[in-house]
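For reference, the chains in residue letters:
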Amino acid sequence: QVQLVESGGGLVQAGGSLRLSCAASGRTFSSYSMGWFRQAPGKEREFVAAISRTGGSTRYADSVKGRFTISRDNAKTTVYLQMNSLKPEDTAVYYCAASSSGSAYFYINDIDYWGKGTLVTVSS
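Residues numbered from 1 in each chain as written. Predicted model: local features only at pLDDT ≥ 70, side-chain atom pairs only at ≥ 80, totals over all residues. Heavy atoms only, no water.

S.K.: Describe the layout of surface pockets, with residues and values.
M.R.: Where empty space is left becomes clear once a probe the size of a water molecule has been rolled over the atoms. When its volume is computed, the largest pocket comes out at roughly 170 Å³. In terms of lining residues, the largest pocket is bounded by 13 residues, among which Arg38, Lys43, Glu46, Glu89 and Asp90 are the most central. Tallied by class, the residues present in the lining of the largest pocket amount to two nonpolar, three polar and eight charged. (1 Å grid on protein atoms, 1.4 Å probe; cavity = no way out; pocket = protein on both sides within 12 Å on 5 of 7 lines; lining within 4 Å. Points joined across faces, edges and corners; volume = space filled by probe spheres on them. Nonpolar A, V, L, I, M, F, W, Y, C, P; charged D, E, K, R; others polar.)

Set out below in structure tokens:
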């Protein structure tokens, strides 16, 4: 069992930055690839970024490529999402996810555990 707790969301102006954190419980954190998804009001949950279990491989949605960076610290059992140059369309609840696939190339159906989410609001 893995529990995921997100933090770092909030209100920011367009062009600003936020850093999300996801703290994971359990000693098997390094066995999981990790990812961030987001869901805006009235929209489906969508993929944002993923990182392999070792941190050696990452993948991003086209909409955030070049602006967001995913990283992980296996010693601290934490995954991060650094978000720069934020836009109003980035406004959403951001969810941390864990997949036993091990690689950065997993999809929403491959998720084993979800966090409860943290709200990011970007004002124009």
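S.K.: Tell me what's going on with the nonpolar core, and back it up with residues and numbers.
M.R.: By size, the foremost hydrophobic cluster in this structure holds 38 residues, and its most contacted members are Leu4, Met34, Trp36, Leu81, Met83 and Tyr94. Taken together, the elements giving at least two residues each to this core come down to strand 3 (18-24), strand 4 (33-39), strand 5 (46-51), strand 7 (68-73), strand 8 (78-83), strand 9 (92-99) and strand 11 (118-123). (Core = buried A, V, L, I, M, F, W, Y, C linked by side-chain atoms within 4.5 Å. Buried < 20%, exposed > 50% of the residue type's maximum accessible area, 1.4 Å probe, protein only. Helix = DSSP H or I, 4+ residues; strand = E, 2+ residues; numbered from the N terminus.)

S.K.: Break down the packing of aromatic side chains for me, citing the residues and quoting the values.
M.R.: Applying the stated criterion to the full structure yields four aromatic pairs. With a centroid separation of 5.7 Å and 75° between ring planes, the pair formed by Phe37 and Phe47 is classed as edge-to-face. With a gap of 10 residues between them, Phe37 in strand 4 and Phe47 in strand 5 connect regions that are remote in the sequence. Neither Phe37 nor Phe47 differs from the other in exposure class; each is buried. When the centroid spacing of 6.4 Å and the interplanar angle of 85° are considered together, the rings of Tyr95 and Trp114 count as edge-to-face. Of this pair, Tyr95 sits in strand 9 while Trp114 sits in strand 10 (residues 113-114); the two residues are 19 residues apart in sequence, bridging distant segments of the chain. The class for Tyr95 is buried, based on a relative accessible area of 12%. Taken together, the ring pairs in this structure connect Phe37, Phe47, Tyr95 and Trp114 into an aromatic cluster. A cation sits over an aromatic face here: Arg72 above Phe29, 4.5 Å from the ring centre. (Phe/Tyr/Trp six-rings, centres within 6.5 Å; stacked < 30°, edge-to-face > 60°. Lys NZ or Arg CZ within 6 Å of the ring centre and 35° of its normal.)

It is worth stressing that arrangement in space is one thing and function is another; only the former is reported here.
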